There are 2 protein chains.
Amino acid sequence: MQNEEYLRYKNLVDEHILYFLPDIDHKSITLTEAMTYSLKAGGKMLRSVLLLAACDFCGGDEKTALPYACAIEYIHTYSLIHDDLPAMDNDDLRRGMPTNHKVFGEAMAILAGDGLLTSAFEAMNKDMLLYFDNVDLLKRRVRAAYEISKGAGCRGMIAGQVADVEAENKQCTREILDYIHLNKTAALIKAAVRAGAYLGGCDKKMLEDLDAYAENIGLAFQIVDDILDVSGSEAELGKRVGSDEANQKATYPCRYGLEESKKKANELTENAKHALADYYDNAEFFIKLADELASRIK
Amino acid sequence: MQNEEYLRYKNLVDEHILYFLPDIDHKSITLTEAMTYSLKAGGKMLRSVLLLAACDFCGGDEKTALPYACAIEYIHTYSLIHDDLPAMDNDDLRRGMPTNHKVFGEAMAILAGDGLLTSAFEAMNKDMLLYFDNVDLLKRRVRAAYEISKGAGCRGMIAGQVADVEAENKQCTREILDYIHLNKTAALIKAAVRAGAYLGGCDKKMLEDLDAYAENIGLAFQIVDDILDVSGSEAELGKRVGSDEANQKATYPCRYGLEESKKKANELTENAKHALADYYDNAEFFIKLADELASRIK
């Protein structure tokens, strides 16, 4: 993601990513270090960028959306820390660096994940307190936080993680595979866009169109990631490749092969673009982004 | 805790404890089972009872506080599930039953904890949406959720867990010991009471007095628990006794001996009672509860 607009949003998030964490005192310094380590590990910040862009798109002020953008990044980061644990995917490398538990130990990695997840809600709730004099803006924030909690929760990301764990070493159906992708990855990406849309003051149609866009790029994104796990290099990916096959993970390439998976990713990308391009003339950022995400496998 | 009023509150929570969880579909049935297993494992429900009682005390309608009462129980339960994991305290028994990871495996226990924590915020945020037409009640809810997020977070419960992990096998100072107790246990108990107070429409003095009460019973509660770990039986406690000493945990009895610890617990209990008895004539429930919590070591 090299386009200027993406980098502008990403820089905004990078600059504020530690700002919305609670002030932790020196007695919990290791906790701060463990949380910061993974937050600063150089991720794409896709979810937070999407949140800011959706807020902008709907006419809001992106800066006021920063607590929610950072919150969703805390949630995404916690999910990676927990997902990498020995009891889960047992990964040693993430974004080209040793995983959290490899550096801080398992106990601290569990707590750093818990800390990031809780901090996300603390940051959003704290922000709401600033809008007690503007009820319209307060309500937008309550809706945004609800979207994020749902996307991260047991009908969203966690449901996907559970299904992913349970599908390991099994021949899984197309239905389960779609369920995993929809929940594990697309749910939080949809939540980011929906939260941003609410914060920006969207109308119903905008919300629906952004939702359709997000679901399609979310699904495409996971398929592309899984394709790279098969065909990419460790340097490109920043993590061990081939681990899905080793873990007998339920993925598109494992089940349908590379060619079919590429076709599916491209189809989803086109759907995403149409969801916005057909109705709006200010959707350039989103359209370019969909192409860039898909181009990782070209 | 045998008094009628306590049981009335506890029954209310018991009846609703699953009600505020998101509707999880059948594909994540194991997640539901794992979460439900620990929620229904027969805990005291102290934090949720305190939340309801504080709401009542301040003149609110306890029934409308139920989503927050259940949310704080979700948070407490997640903290126990994660705390029992092999990488943390490595406990096999909790409330007289095998711990979550012993039944569902480590991966599912981690996810069940994550699921409960996220569900807590999802439940509270969802409840807020019901109060968009009553801004005063909406604001009370935002404040309550913020208190709970702070108490559960990196300046609260998680800070205490981290300090607890870091203090293992070390001779720790009085300062660190107090820090652990204040955060690991008292913070969420304080959050429960403060959230209930806000929901009930407290004034500033009520909030301060309830806060002082909660901090004192919170600290007393942890000391009493640690005393029981030394002098209690497994049947009384529902978990392995002597594990603190085996794990070289930082506790009052390990550092100051049993007699001194009992004295301290009684002193804190008296402080708690005075915080309310000196100013209110409707604080009977709280005063009786402080005595009952302390009487576990008599």
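- Taking an unreviewed UniProt entry as the reference, chain A is identified by name as Polyprenyl synthetase family protein belonging to Anoxybacterium hadale.

### What to know about the overall build of chain A
Link 1 in the chain: For chain A, the helix and strand inventory stands at 15 helices and 2 strands.
Link 2 in the chain: A globule of 298 residues ought to have a C-alpha radius of gyration of about 19 Å, and chain A, at 18 Å, matches this closely.
Link 3 in the chain: Projected onto its principal axes, the C-alpha positions of chain A cover 55 × 55 × 35 Å.
Link 4 in the chain: Sequence-distant contacts, at least 24 apart, represent 75% of the contacts inside chain A between residues at least 6 apart.
Link 5 in the chain: Working note: accessible area of chain A is about 11200 Å², and carbon and sulfur atoms make up 47% of it.
Link 6 in the chain: Once the 35 positive and 49 negative side-chain charges of chain A are each reduced to a mean point, those two points are 2 Å apart.

### Comments concerning the environment of Ser119(B)
Link 1 in the chain: One can find Ser119(B) in helix α6 (residues 106–129).
Link 2 in the chain: Residue classification places Ser119(B) among the buried residues on the basis of a relative accessible area of 0%.
Link 3 in the chain: Non-local contacts of Ser119(B), meaning those with residues more than four positions away in its chain, are made with Cys154(A), Leu21(B), Pro22(B), Met35(B) and Tyr74(B).
Link 4 in the chain: Looking at Ser119(B), its side chain comes within polar contact range of the main-chain oxygen of Gly115(B), at 2.7 Å.

### Describing unusual backbone geometry
Working note: non-glycine residues mostly have negative phi, and peptide bonds are mostly trans.
Link 1 in the chain: One non-glycine residue, Met45(A), lies in the positive phi region at around 60°.
Link 2 in the chain: Along the polypeptide, Met45(A) turns up in the loop between α2 (29–39) and α3 (46–57).

### A short note on α6(B)
Because each turn of an α-helix spans 3.6 residues, side chains separated by three or four positions end up pointing in the same direction.
Link 1 in the chain: Over its 24 residues, α6(B) extends 35 Å from the first C-alpha to the last, a length consistent with the 34 Å expected when each residue adds 1.5 Å.
Link 2 in the chain: With 21 of 24 residues buried, α6(B) is to be regarded as a mostly interior element.

Here is what the cut-offs are and how they apply
- Residues numbered from 1 in each chain as written.
- Chains lettered and ligands numbered in written order.
- Predicted model: local features only at pLDDT ≥ 70, side-chain atom pairs only at ≥ 80, totals over all residues.
- Heavy atoms only, no water.
- Helix = DSSP H or I, 4+ residues; strand = E, 2+ residues; numbered from the N terminus.
- Rg over C-alpha atoms; globule rule 2.2 N^0.38 Å.
- Contact = heavy atoms within 4.5 Å.
- Areas by Shrake-Rupley, 256 points an atom, 1.4 Å probe, with all protein chains shown as cover.
- Lys, Arg positive; Asp, Glu negative; His and termini not counted.
- Charge placed at Lys NZ, Arg CZ, Asp CG, Glu CD.
- Buried < 20%, exposed > 50% of the residue type's maximum accessible area, 1.4 Å probe, protein only.
- Polar contact = N/O pair within 3.5 Å; in protein donor to acceptor, adjacent residues only side chain to side chain.
- Expected span 1.5 Å × (residues − 1).

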